[in-house]
Amino acid sequence: MRCREHVPWASICKRAPHAGQGPVAESKWSDCVDQKSPRMPRSSVSRYLTMRGKQGIAGPVHRRRWITMASVLILGGLSLASAAQQSLVLQPEANSILSEEPITPVPKPPQIDPSKIRLGERLFGDPRLSRDNSRSCSSCHDLGTNGASKRSYDAGLDGSGLPLNTPTVFNAALSFRFGWEGKIRGIESDIKASLENPQIMGANISELAERLGTDPGLRREFTIVYGGGPDARNVVDALASFQRTLTTPDSRFDRWLTGDAGALSAQEEDGYRLFKSLGCVSCHQGVNIGGNLFQRHGIFHPLGSPKPEILRVPSLRNVATTPPYFHDGSAETLDDAVRKMGMAQLNSTLTDEQVKAIVAYLRTLTGKYRGAQVGAEP
């Protein structure tokens, strides 16, 4: 049996739209669609009914013929309209589930010029984007595992630890803000900030573009795609084009949402029910199961490092593959993270059975990247 327990989430929190769509709006889980049945083109029927014989009055044979044709057309039109009405109104079970749930499936990757994607992917793994050629984007965002790293803190260019745990790049484009503090609004701005951050890449974008332009093969590729060699604008655009494709659809939970009743076990469905009824979903909802609002951490009890006090709620997509957890990487396992969240954010001491069920549910959120399941779940 599917979980359909509801909580008035709109009264608990505000949900922001997707990136770049303006101010925060109240939660809204479904949209109304104006469904209209197709109309029968009556003009053709009227034309047949008003045809007259040579004497100005339709003869009996003609009259019967046109009445018969009109009846067939009308009945056929009613049948087609009825069928169309059923196809619009009698939606499959999946649409009913989606309209009731506070979480929606990850969409397929957007349609972007493949040549831009290939170029952006090449740049993503190119260490020349860093000041000293020592690292690339993939150094901290490993697309072969979890889109992040396994460390609590990645190292900066000077060898010291970065101030916050590295979030995954998978599905980042679906969040309304970027980074733990949510200070950056757009993906292009996030890329610029990472390239220019003295601790992350430490680069001057115009200078690195000039450096890339000395590579004949890369310059040729930029010219084919952008009509000219690398510059500060098209380097960022190529990276952004690639990163927009880093979505991970087709998780088991998404398949359940879209009508696959056997995608989840009884324990996993129970975990989702608890996830909603306990209040986890008041912050973790929407397409990214997070990433669409800000929240204070440690509301009832401390949760990791006290700073920063307010964070952009992280996405739980692929969460089973992204330990350690929290902004400071202080939770080593998903079990530990669930227990600490229950106490710190909900003031609840969760039972072992509840924790196992919620963890089982969270493991169903692992999607696929290019047809392969993300990471190897620990």
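Residues numbered from 1 in each chain as written. Predicted model: local features only at pLDDT ≥ 70, side-chain atom pairs only at ≥ 80, totals over all residues. Heavy atoms only, no water.

Details of the pattern of salt bridges
Thought 1: Applying the stated criterion across every chain yields a total of 20 salt bridges.
Thought 2: Between Glu 268 and Arg 252 there is a salt bridge, with the nearest N and O atoms lying 2.8 Å from each other. Remark: Arg 252 occurs in helix 10 (residues 252-257) and Glu 268 occurs in helix 11 (residues 266-277); sequence separation between them is 16 residues.
Thought 3: When its relative accessible area of 10% is taken as the criterion, Glu 268 is described as buried.
Thought 4: Linking Arg 296 and Glu 309 is a salt bridge whose minimum nitrogen-to-oxygen distance equals 3.3 Å. (Salt bridge = Lys/Arg side-chain N within 4 Å of Asp/Glu carboxyl O. Helix = DSSP H or I, 4+ residues; strand = E, 2+ residues; numbered from the N terminus. Buried < 20%, exposed > 50% of the residue type's maximum accessible area, 1.4 Å probe, protein only.)

Brief notes about the nonpolar core
Across soluble globular proteins, nonpolar side chains have a tendency to be buried as a group.
Thought 1: Formed by 33 residues in total, the largest nonpolar core has its most connected members in Leu 123, Leu 129, Leu 143, Val 235 and Leu 239.
Thought 2: In terms of residue count, helix 9 (residues 232-243) provides more of this core than any other element does, 6 residues in total.
Thought 3: The contacts of Val 235, once residues within four sequence positions are left out, are Leu 123, Leu 208, Ala 209, Leu 212, Phe 222 and Pro 230.
Thought 4: Among the nonpolar cores identified, the runner-up in size contains 31 residues, and Ala 263, Val 319, Ile 358 and Leu 365 belong to it. (Core = buried A, V, L, I, M, F, W, Y, C linked by side-chain atoms within 4.5 Å. Contact = heavy atoms within 4.5 Å.)

Re the side chain of Ser 130
Thought 1: Summarising the element assignment, Ser 130 is placed in the loop between helix 5 (114-124) and helix 6 (187-196).
Thought 2: A relative accessible area of 0% places Ser 130 in the buried class.
Thought 3: Once you skip the residues sitting within four places of it in the chain, Ser 130 turns out to touch Arg 135, Met 201 and Arg 211.

What about helix 7 (residues 205-213)?
Thought 1: Within helix 7, burial applies to Ile 205, Leu 208, Ala 209, Leu 212 and Gly 213. Mapping the buried residues of helix 7 onto a view down its axis gives an arc of 145°, with all of them on the same face.
Thought 2: The inward-facing, buried residues of helix 7 abut helix 5, helix 6, helix 8 (216-226) and helix 9.
Thought 3: For helix 7, the N-terminal cap is Asn 204; the gap from its side-chain oxygen to the backbone nitrogen of Ser 206 is 3.1 Å. (Arc of directions from axis to C-beta. Polar contact = N/O pair within 3.5 Å; in protein donor to acceptor, adjacent residues only side chain to side chain.)

Focus: unusual backbone geometry
Thought 1: Note that the residue after Lys 307, namely Pro 308, is joined by a cis bond; omega there is -10°.
Thought 2: By the secondary structure assignment, Pro 308 is in the loop between strand 3 (294-296) and strand 4 (310-312).
Thought 3: Note that the residue after Pro 323, namely Pro 324, is joined by a cis bond; omega there is -5°.
Thought 4: With respect to the secondary-structure elements, Pro 324 resides in the loop between strand 4 and helix 12 (334-346).
Thought 5: Residue Phe 326 is not a glycine yet carries a positive backbone phi of 80°.
Thought 6: Inspection of the secondary structure assignment puts Phe 326 in the loop between strand 4 and helix 12.

Remarks on the packing of aromatic side chains
Thought 1: All told, the structure shown has 10 aromatic pairs when counted by the stated rule.
Thought 2: With a centroid separation of 5.4 Å and 65° between ring planes, the pair formed by Phe 124 and Phe 242 is classed as edge-to-face. Of this pair, Phe 124 sits in helix 5 while Phe 242 sits in helix 9, placing them 118 residues apart in sequence.
Thought 3: Judged by its relative accessible area of 0%, Phe 242 is buried.
Thought 4: Judged by centre distance (4.8 Å) and plane angle (65°), the rings of Phe 253 and Tyr 272 are edge-to-face. A residue pair is termed long-range when its members are at least 10 positions apart, and Phe 253 in helix 10 and Tyr 272 in helix 11 qualify at 19 residues.
Thought 5: Residue classification places Tyr 272 among the buried residues on the basis of a relative accessible area of 0%. (Phe/Tyr/Trp six-rings, centres within 6.5 Å; stacked < 30°, edge-to-face > 60°.)

Remarks on the environment of Leu 174
Thought 1: Tracing the sequence through the fold places Leu 174 in the loop between helix 5 and helix 6.
Thought 2: With a relative accessible area of 16%, Leu 174 lands in the buried category.
Thought 3: Along the chain, Leu 174 and Val 106 lie 68 residues apart, while their C-alpha atoms are 8.7 Å from each other.

Details of the packing of helix 7 against helix 9
Thought 1: Relative to each other, helix 7 and helix 9 sit at 85°, their axes nearing to 8 Å. What the angle tells us is that helix 7 and helix 9 run roughly perpendicular. The residues of helix 9 that touch helix 7, namely those facing Ile 205, Ser 206, Leu 208, Ala 209 and Leu 212, are Ala 232, Val 235 and Val 236.
Thought 2: Its residues assigned to classes, the contact of helix 7 with helix 9 shows 7 nonpolar, 1 polar and no charged. (Axes fitted to C-alpha atoms, helices over the stretch in contact; angles between N-to-C directions. Parallel < 35°, antiparallel > 145°, perpendicular 65-115°, else oblique. Nonpolar A, V, L, I, M, F, W, Y, C, P; charged D, E, K, R; others polar.)

Digging into helix 8
Thought 1: Within the sequence span of helix 8, burial applies to Leu 218, Glu 221, Phe 222, Val 225 and Tyr 226. Axial view of helix 8: buried residues confined to an arc of 105°, hence all on one face. Facing away from the buried surface of helix 8 by more than 90 degrees, the exposed residues are Pro 216, Arg 220 and Ile 224.
Thought 2: On its buried face, helix 8 sits against helix 5, helix 7 and helix 9.
Thought 3: At the exit of helix 8 stands Gly 227, carrying a positive phi of roughly 80°.

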